[in-house]
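# Working through the structure, step by step
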Amino acid sequence: MHTEPSSRHIERRLTNLLPSEALEDHAEGVGVVEREGKLQLPPLVWSFAFGFAAGESRTLAAFRRTYNSTADESISPGGFYQRLTPTLAEYLRDLVEYGFDEVAVPHTVSDEFDRFRDVMIADGTVLRLHELLSEEYKARHEEQAGAKLHLLHNVTDQTVEHFSVTDEKTHDSTLFNTGSWLEERLAIFDLAYFKYRRFALIDENDGYFVSRLKKSANPVVTEELREWRGRAIPLEGEKIFDIVDDLSRKYIDVEVEVEFDRREYAGTQSHDTKRFRVVGVRNEDDDDYHLYITNLSREEFLPADLATIYRCRWEVELLFRELKTQYELDKFDTTKKHIVEILLYAALLSLVVSRDLLGLVIEHADDGIVFPPERWAATFRSHAQLILRELREYLAYSPPPLLQRLIEDAQKIHKQRPILQEQLATTIQPTAEV
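Description of the structure in this document.

How each quantity is defined
- Residues numbered from 1 in each chain as written.
- Predicted model: local features only at pLDDT ≥ 70, side-chain atom pairs only at ≥ 80, totals over all residues.
- Heavy atoms only, no water.
- Patch = residues over 30% accessible without salt bridge, like charges linked within 9 Å, V, L, I, M, F, W, Y side chains within 5 Å.
- Areas by Shrake-Rupley, 256 points an atom, 1.4 Å probe, with all protein chains shown as cover.
- Salt bridge = Lys/Arg side-chain N within 4 Å of Asp/Glu carboxyl O.
- Lys, Arg positive; Asp, Glu negative; His and termini not counted.
- Charge placed at Lys NZ, Arg CZ, Asp CG, Glu CD.
- Helix = DSSP H or I, 4+ residues; strand = E, 2+ residues; numbered from the N terminus.
- Core = buried A, V, L, I, M, F, W, Y, C linked by side-chain atoms within 4.5 Å.
- Buried < 20%, exposed > 50% of the residue type's maximum accessible area, 1.4 Å probe, protein only.
- Contact = heavy atoms within 4.5 Å.
- Axes fitted to C-alpha atoms, helices over the stretch in contact; angles between N-to-C directions.
- Parallel < 35°, antiparallel > 145°, perpendicular 65-115°, else oblique.
- Left-handed = near helix turned anticlockwise from the far one by under 90°.
- Pairing = 2+ DSSP bridges.
- Polar contact = N/O pair within 3.5 Å; in protein donor to acceptor, adjacent residues only side chain to side chain.

## Some details on a negative patch on the surface
- A cluster of like negative charges, contributed by Asp245, Asp246, Asp285, Asp286 and Asp288, occupies part of the molecular surface.
- Relative to the helices and strands, Asp288 resides in strand β9 (residues 288-294).

## Focus: the nonpolar core
- Ranked by size, the top nonpolar core spans 91 residues in total, and within it Trp46, Phe48, Phe50, Tyr91, Leu186 and Leu323 carry the most contacts.
- Here this core takes 17 residues from helix α11 (residues 337-364), the largest share from any one element.
- Not counting the four nearest positions on each side in its chain, Trp46 is found in contact with Leu14, Leu18, Leu23, Gly51, Val353, Leu388, Leu391 and Leu395.
- Formed by 32 residues, the second largest nonpolar core is a distinct cluster that contains Phe241, Leu247, Val254 and Leu291.

## Points about the packing of helix α10 (residues 314-325) against helix α12 (residues 373-382)
- Relative to each other, α10 and α12 sit at 20°, their axes nearing to 10 Å. The orientation of α10 with respect to α12, classified from their angle, is roughly parallel. Taken as a pair, α10 and α12 cross one another with a handedness that is right-handed. In this structure, α10 contributes Leu318, Arg321, Glu322 and Thr325 to the contact, and α12 contributes Pro373, Glu374, Ala377 and Arg381.

## Quick word on helix α7 (residues 196-204)
- Among the residues making up α7, those that are buried are Tyr196, Arg198, Phe199, Ala200 and Ile202.
- A positive phi of about 60° marks Asp206, the residue just after α7.

## What to know about a nonpolar patch on the surface
- Taken together, the side chains of Leu402, Leu403, Leu406 and Ile407 present a nonpolar region at the surface, about 420 Å² in accessible area.
- If you trace the backbone, Leu402 turns up in helix α14 (residues 402-410).
- According to the relative accessible area criterion, Leu402 is exposed, its value standing at 52%.

## Some thoughts on the packing of helix α2 (residues 20-30) against helix α3 (residues 41-51)
- Closest axis-to-axis distance for the α2/α3 pair is 9 Å, and the angle between their directions is 100°. Between α2 and α3, the crossing angle belongs to the class labelled roughly perpendicular. Residues Ser20, Leu23, Glu24 and Ala27 of α2 pack against Leu41, Pro42, Val45 and Trp46 of α3.

## Some thoughts on the sheet that holds strand β8 (residues 271-283)
- Pairing is mixed in the open sheet, where nine strands are placed in the order β3-β2-β1-β4-β5-β9-β8-β7-β6. Among the strands making up the open sheet, the edge pair consists of β3 (159-167) and β6 (220-224). For this sheet, the mean angle separating the axes of adjacent strands, direction not counted, is 25°.
- Inspection of the sheet shows strand β1 (residues 118-129) paired to strand β2 (residues 145-154) by 10 bridges, in the antiparallel sense. Bridging from a neighbouring strand, Ala122 pairs with Leu152 of β2.

## Structural notes on the side chain of Asn218
- Note on placement: Asn218 falls in the loop between β5 (208-212) and β6.
- For Asn218, a relative accessible area of 15% puts it in the buried group.
- A polar contact of 2.7 Å, which involves the side chain of Asn218, links it to the backbone nitrogen of Phe241.
- Residues in contact with Asn218, not counting those within four places in the same chain, are Lys239, Ile240, Phe241 and Asp242.

Okay, structure coming up:
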């Protein structure tokens, strides 16, 4: 063991990540709630973080019940819903951004990635919304509404480097910005991000990339990087997709020249060329090649290595699946834009807390123990209520007695809406008098 776990390690870890005073100060600073107000911000934040994972259905009523079982005073449904404002959505977004900046899980990726400062994967997933939100969140099809969550996933630290929320029609590629931050980092792309100019900028910023090769690109081979014995078909001077169906070799490893337009500057757009490496790995089951384009050198990475690297894209798919299956990110029963944002940021806050606790678990576990992401996510969710209860006690909150909360939750709210027993009593009473 690294260190003997303490009974309060979890509580200290979480409150170091999101200290109560900092939560309250930032809430006051952005205008979420006044310091003397009835609403207690730390229980609210932790209710959103753990209420997502506590096993209840993902409704605002469920979050309110979680809050009422954590805070010193219960809050009525009307009082709770009044506080779910666009400002609260912005506040939760700030917490998520801060949390992702702070959280880093100990390195668990393959040794071959030690060559890079970080391994990054960009991707997006669609979230289906109520059709009445179709103006705010335009979908690809009429009479639908859809948001898209874009993530830049840091595989090395098992956290999210950047996130943004747009409508469904916004293309993934427009959300990935190149720059000096890519130095010594490896970016792995699917075809949604395929752009020669992007690859050139990554290379010019001393970064690295691996992407599937788009069939419509079809670059010209300038040099073969591997010699084949016998009567091998020469590739130099050929367009890669024009010749690939005639090949049967296990690997393709060539240099290609690509053409692209630079970004327009001062009203002028220049044309440029650059040379990259294209690798093909034969898939015997489908009788074709998986083709990749990269600036990684053959001296360091063989074709089979690139295929292994690209499979790391599965990490971000697992991340989206965790958000949707464990934290029910794809269920939005609301027609209000800011409520969608609150629920989305609550799910991401659950992810932040989950990753922070995973880091703690790894620190205290024996060396060599592996924690598969999906298994950890399920474990975190199944223990969420217990963690929240322990955290409530650690922070010295004393919610009202359970019986009082049951009375408050179960009593009739709308006086003008008679329940069945009242209707029956009103109907039967005159008959009884007669």
